[in-house]
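Geometric and topological summary
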Amino acid sequence: MRRLGCKKVSDAVLESIRSRTESFIGCGNSAPSLAVVLVGEDPASQTYVRKKAEAAASLGFRHFQYTLSADTEEEELLALVDELNKRDDIDGILVQLPLPPSIDTDKVIDRISPEKDVDGFTPINIGRMAIGKDAFIPCTPKGIMETLRYYGIETAGKNVTIIGRSNIVGKPMALLLMQKGADATVTVCNTRTKDLKEHTLSADIIIVAAGHPGTIDSSFVKDGAVIIDVGVNRIDDPSKEKGFRLSGDADYDSFTDRSVSITPVPGGVGLMTVSMLMENTLEAAIRRRGK
Ligand code: GUN
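Residues numbered from 1 in each chain as written. Predicted model: local features only at pLDDT ≥ 70, side-chain atom pairs only at ≥ 80, totals over all residues. Heavy atoms only, no water.

**Describing the overall build of the protein chain**
Broken down by element type, the protein chain carries nine helices and eleven strands. Judged by the C-alpha coordinates and their principal axes, the protein chain covers about 55 × 40 × 35 Å. Taken across its 291 residues, the protein chain has 50% of its residues classed as buried. Considering only residue pairs separated by 6 or more positions, the protein chain has 70% of its internal contacts joining residues 24 or more positions apart. (Helix = DSSP H or I, 4+ residues; strand = E, 2+ residues; numbered from the N terminus. Buried < 20%, exposed > 50% of the residue type's maximum accessible area, 1.4 Å probe, protein only. Contact = heavy atoms within 4.5 Å.)

In structure tokens, the structure reads:
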């Protein structure tokens, strides 16, 4: 088994962002700035938001955090998005998902100005990406493309099976891999897929973003395949200080004696999500006000 760790991939991206940011500031621009909005107290979301804030700080970006209670009214959140859209000192806006069920997520995302949509979730950015135009690309799929590039994993002419069809990972991932230049043959599976194995056993690359530990194990994978594990599941474990450990969607240990390549969890593509958000934020700053 070959472990495709993402720390060095992410560090390389962050280093490039750091030097591009220095040039940007050297030309008389103020530092890129990111607003992060968290609604409620979901522990995983709190962790993600903290990691995004730490990455922004380490790059010298300006960073504004808005933490709203779980019972925030939709109108209040929409008003905050409106204000952030208008503010000249903010380049990127990120509303951490999931939002509480009382809030219409699509309505909130749709309200974010496409020029500040560093998550690439607005219909304009998704639509532009779908037809191959310049757009902000959602961070996890973008980070997966970067990881494949870093490790020299070819996608052209390959069979790629994606497990999961979310707007955050599965769908944009399929669009990116279908693009001219990536040229993969893409299959997207969902919970109603009749025979998942049929689709994974023929895959050269499997991207598993199902949100369930143990979605695939060694019996789902052919020799030589590449597995990109997007899952981040908290498994109760009293022996750990925090009371849980992280597991991906793939049964990592089952691959130990197989000739496959796999991204670990933690230390995998989650790191790329954060570094790609930073890249999109720098990109937003350059587009909005680069001198
Ligand atoms: N929740 C899980 N992944 C993401 C992400 O990439 N962006 C946002 N905003 N929320 C998420």
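**Section: a negative patch on the surface**
On the surface, Asp-71, Glu-73, Glu-75 and Glu-76 cluster together to form a negatively charged patch. Within the secondary structure layout, Glu-76 lies in helix H3 (residues 74-86). (Patch = residues over 30% accessible without salt bridge, like charges linked within 9 Å, V, L, I, M, F, W, Y side chains within 5 Å. Areas by Shrake-Rupley, 256 points an atom, 1.4 Å probe, with all protein chains shown as cover. Salt bridge = Lys/Arg side-chain N within 4 Å of Asp/Glu carboxyl O. Lys, Arg positive; Asp, Glu negative; His and termini not counted. Charge placed at Lys NZ, Arg CZ, Asp CG, Glu CD.)

**Regarding the nonpolar core**
The biggest cluster of nonpolar side chains holds 51 residues, and the ones touching the most others in it are Ile-17, Ile-144, Leu-177, Ile-207, Ile-228, Val-230 and Met-278. A total of nine residues in this core trace back to one element, the largest contributor, which is helix H9 (residues 269-289). For Ile-207, the residues in contact, after removing those within four places along its chain, are Ile-144, Val-160, Thr-161, Ile-162, Ile-163, Met-173, Leu-177, Ile-228 and Val-230. The next biggest cluster of nonpolar side chains, apart from the first, holds 20 residues, and it includes Ala-35, Leu-77, Leu-80 and Leu-84. (Core = buried A, V, L, I, M, F, W, Y, C linked by side-chain atoms within 4.5 Å.)

**Some remarks on the pairing of strand S6 (residues 185-189)**
The sheet contact formed by strand S5 (residues 159-163) and S6 spans five bridges and is parallel. Looking at S6, one finds that Asn-159 is bridged to Thr-185. For the segment spanning S5, helix H7 (residues 170-178) and S6, crossover handedness is right-handed. (Pairing = 2+ DSSP bridges. Right-handed = clockwise from strand over helix to strand, strands pointing away.)

**As for the site of the ligand**
Residues in close proximity to the ligand include Lys-52, Leu-94, Val-95, Gln-96, Leu-97, Asp-119, Phe-121 and Thr-273, which together make up its full environment. The backbone of Val-95 places a nitrogen or oxygen atom 2.9 Å from a nitrogen atom of the ligand. Note that a nitrogen atom of the ligand is positioned 2.9 Å from one of the backbone N or O atoms of Leu-97. Counted by class, the shell around the ligand contains four nonpolar, two polar and two charged residues. (Near = heavy atom within 4 Å. Polar contact = N/O pair within 3.5 Å; in protein donor to acceptor, adjacent residues only side chain to side chain. Nonpolar A, V, L, I, M, F, W, Y, C, P; charged D, E, K, R; others polar.)

**What about the sheet that holds strand S2 (residues 33-39)?**
Spatial strand order, S3-S2-S4: three strands in an open sheet with parallel pairing. Both edges of this open sheet fall to strand S3 (62-68) and strand S4 (92-95), since each of them pairs with a single strand only. Taking each pair of neighbouring strands and ignoring which way they run, the sheet shows an average axis angle of 15 degrees. Across four bridges, the pairing between S2 and S4 is parallel. Each residue of the ladder has a partner; that of Val-37, found in S4, is Val-95. The sheet contacts of helix H2 (residues 43-58) involve S2, S3 and S4, and relative to S2 the element is tilted by about 170 degrees. The strands touched by H9 are S2, S3 and S4; relative to S2, the strand with the most contacts, the crossing angle is about 125 degrees. (Axes fitted to C-alpha atoms, helices over the stretch in contact; angles between N-to-C directions.)

**Concerning the packing of aromatic side chains**
Inspection of the entire model under this criterion finds one aromatic pair. For the pair Tyr-150 and Tyr-151, a centre-to-centre distance of 5.2 Å together with 75 degrees between the ring planes defines the contact as edge-to-face. Classification of Tyr-150 by relative accessible area gives partly exposed; the value is 39%. Note that Lys-197 overlies the ring of Phe-220, its terminal NZ or CZ placed 5.0 Å from the centroid. Positioned above the aromatic ring of Phe-136 is the side chain of Arg-287, whose terminal nitrogen or guanidinium carbon lies 4.3 Å from the ring centre. (Phe/Tyr/Trp six-rings, centres within 6.5 Å; stacked < 30°, edge-to-face > 60°. Lys NZ or Arg CZ within 6 Å of the ring centre and 35° of its normal.)

**Details of the side chain of Ser-10**
Looking at where Ser-10 falls in the secondary structure, it is placed in helix H1 (residues 7-26). Setting aside anything within four residues of it in sequence, one finds Ser-10 in contact with Leu-271, Met-272 and Ser-275.

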